[in-house]
Amino acid sequence: INLYLLEMVKIFDNIGITQGRMVPSEKKNRIQYFPIKNWKKEMRLMKKNKIQILEWTINFEKINQNPLLDKNKLEEIITLKEKLKIKIPSVTCDFFMEQPFFKKKNTLTLKYLKKIIKNGKKIGVKFFVLPLVDKSSIKNAKQEKEIIIKLKKFKNYLDNDQKILFEIDYEPKKVKKFISNFDKKFGINYDSGNSASKGYLIQNEKIYFNKVYNIHIKDRVLNGKTVRLGNGDCNFKALFTYLKNIKYKRNLILQTARSKTKHILEVNRNIDFIKKLL
């Protein structure tokens, strides 16, 4: 029993949040947007609420105002995270989804990614999450081929413990085939909400879970929007039963629906939801 409780404590310690969830959104009607004015305040709120893991967010709009892109401001991030004892092990690269290079021929996207990997090393980032969903969903073999060719080259910019993780909306067998094109420097970011919205089942998704290094906890309605945990079509019971069976010890990042005003309460409500499942 003591060993079981110890395992549960380890998993609790791996629950983190996506940046911007504990403060008001600075972009109207956007669930996820880098808090330009309040990123320091949010980290202090995390400390106060005993949350130790933060997944940094980068949007394309006002991207140069993101301190992770500014080498002169990196020290501010490092100083604050060390003072508050907060880890930043992952970055969700929403700019990659907002300006997909393989659709709009936007070379800036890859230039920014290279810079983010370089600067991310300095603050302890291990995983760079590239969304291939919604606006950046792969629509044909030509787009897929371009992604594989261009991204493979990025392994040269990664340290030994760093990886690029794809968040992809392919059906399970296609995910496994896609990630087989890459070496150990690449993996999968699993998103429970995106899977729910597509109607995918965890029993079928198991075939690629050996490549999953980070998980976004989210709930979505089938073919629909993000909703509060438990109100959508994600089968959390089946998911967490599986995670416990495989002794998953990597991070669980809350990328959940927002409250209009009670941001901190909503985050803590979601954490309690996860803890009950564990």
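Every chain begins its residue count from 1, and numbering advances along the sequence as written. The predicted origin of the model limits local features to residues at a pLDDT of at least 70 and limits the giving and counting of side-chain atom pairs to 80 or more, whereas totals for whole chains, interfaces and linings rest on all residues. By convention in this description, side-chain values take in all heavy atoms of the structure and omit both hydrogens and water.

This paragraph deals with the overall build of the protein chain. Under the DSSP-based scheme used, a helix requires at least four consecutive residues in state H or I and a strand at least two consecutive residues in state E, with every element numbered from the N terminus. Secondary structure assignment for the protein chain yields 12 helices and 10 strands. The globule rule is 2.2 Å times the number of residues to the power 0.38, and the radius of gyration it is compared with is taken over C-alpha atoms. Compactness check: the protein chain gives a C-alpha radius of gyration of 18 Å against a globular reference of 19 Å for 278 residues, within 12% of the reference. For the C-alpha atoms alone, the extent of the protein chain along its principal axes is close to 50 × 45 × 35 Å. The contact definition used throughout considers only heavy atoms, calling two residues in contact when any of these lie within 4.5 Å. Across the protein chain, every contact between residues at least 6 apart in sequence was considered, and the portion connecting residues at least 24 apart equals 72%. Split by element, the accessible area of the protein chain, about 14000 Å² in all, is 51% carbon and sulfur. Residues scored as charged are limited to Lys and Arg (positive) and Asp and Glu (negative), so that His and the chain ends carry no count. For this purpose, a charge sits on NZ of Lys, CZ of Arg, CG of Asp or CD of Glu. Separation between the mean location of the 62 positive side-chain charges and that of the 27 negative ones in the protein chain comes to 1 Å. For every accessible area listed, the method is Shrake-Rupley and the probe measures 1.4 Å; residues are considered covered only by the protein chains on display.

Let us look at the packing of aromatic side chains. Planes of paired rings set the category: under 30 degrees apart is stacked, over 60 is edge-to-face and the rest tilted, where pairs are Phe, Tyr or Trp rings (Trp by its six-membered ring) whose centres lie within 6.5 Å. Inspection of the entire model under this criterion finds 18 aromatic pairs. With a centroid separation of 5.2 Å and an interplanar angle of 80 degrees, the aromatic rings of Phe154 and Tyr157 are classed as edge-to-face. Relative accessibility under 20% of the residue-type maximum defines a buried residue, over 50% an exposed one, and the middle range a partly exposed one, all with a 1.4 Å probe and only protein chains included. Residue class for Phe154 comes out buried when judged on its relative accessible area of 6%. A connected cluster of aromatic rings, assembled from ring pairs, spans Phe166, Tyr170, Phe178, Phe182 and Phe186. It is Lys163 that lies over the ring of Tyr213; its NZ or CZ is 4.8 Å from the centre. A positively charged side chain is recorded as over a ring if its NZ (Lys) or CZ (Arg) lies within 6 Å of the ring centre. The angle to the ring normal must also be within 35 degrees. Over the aromatic face of Tyr170 sits the side chain of Lys174, whose NZ or CZ is 4.4 Å from the ring centroid.

All right, on to the sheet that holds strand β3 (residues 87-92) then. Strand pairing is defined by DSSP finding a minimum of two bridges between the two strands. The strand order around the closed barrel built from eight strands is β1-β2-β3-β4-β5-β6-β7-β10, with neighbouring strands paired in parallel fashion. Each strand axis lies, on average, 30 degrees off the axis of its neighbour in the sheet, ignoring direction. As judged from the three bridges shared by strand β7 (residues 212-217) and strand β10 (residues 252-254), these two strands associate in the parallel manner. Across the sheet, Ile215 pairs through a bridge with Leu252, a residue of β10. Geometry is summarised by axes, namely lines fitted to C-alpha atoms with helices restricted to the contacting stretch, and by angles between N-to-C directions that run from 0 to 180 degrees. Contacts from helix α11 (residues 236-245) reach β6 (186-191), β7 and β10, with the element oriented near 150 degrees to β7.

A word on unusual backbone geometry. Trans peptide bonds make up most of the peptide bonds, and negative phi angles are found at most residues other than glycine. A positive phi angle, near 60 degrees, is found at Lys85, a position not held by glycine. For Lys85, the location among the structural elements is in the loop between α3 (74-84) and β3.

Most of strand β5 (residues 163-168) sits inside the fold, with six of its six residues counted as buried. Alternating residues of β5 divide into Lys163, Leu165 and Glu167 and Ile164, Phe166 and Ile168, and every residue in both groups is buried. Of the strand pairs in this sheet, strand β4 (residues 127-132) and β5 are connected by six bridges, and their pairing is parallel. Of the residues in β5, the one forming a bridge with Phe128 is Ile164. Following the chain from β4 across helix α7 (residues 141-152) to the adjacent parallel β5, one finds a crossover that is right-handed. The pairing of β5 with β6 spans three bridges and is classified as parallel. Bridged to Phe166 within β6 is Ile188. Between the parallel elements β5 and β6, the chain passes through helix α8 (residues 172-179) in a crossover that is right-handed. Look down the strands so they point away from you; if the path from the first strand over the helix to the second goes clockwise, the crossover is right-handed.

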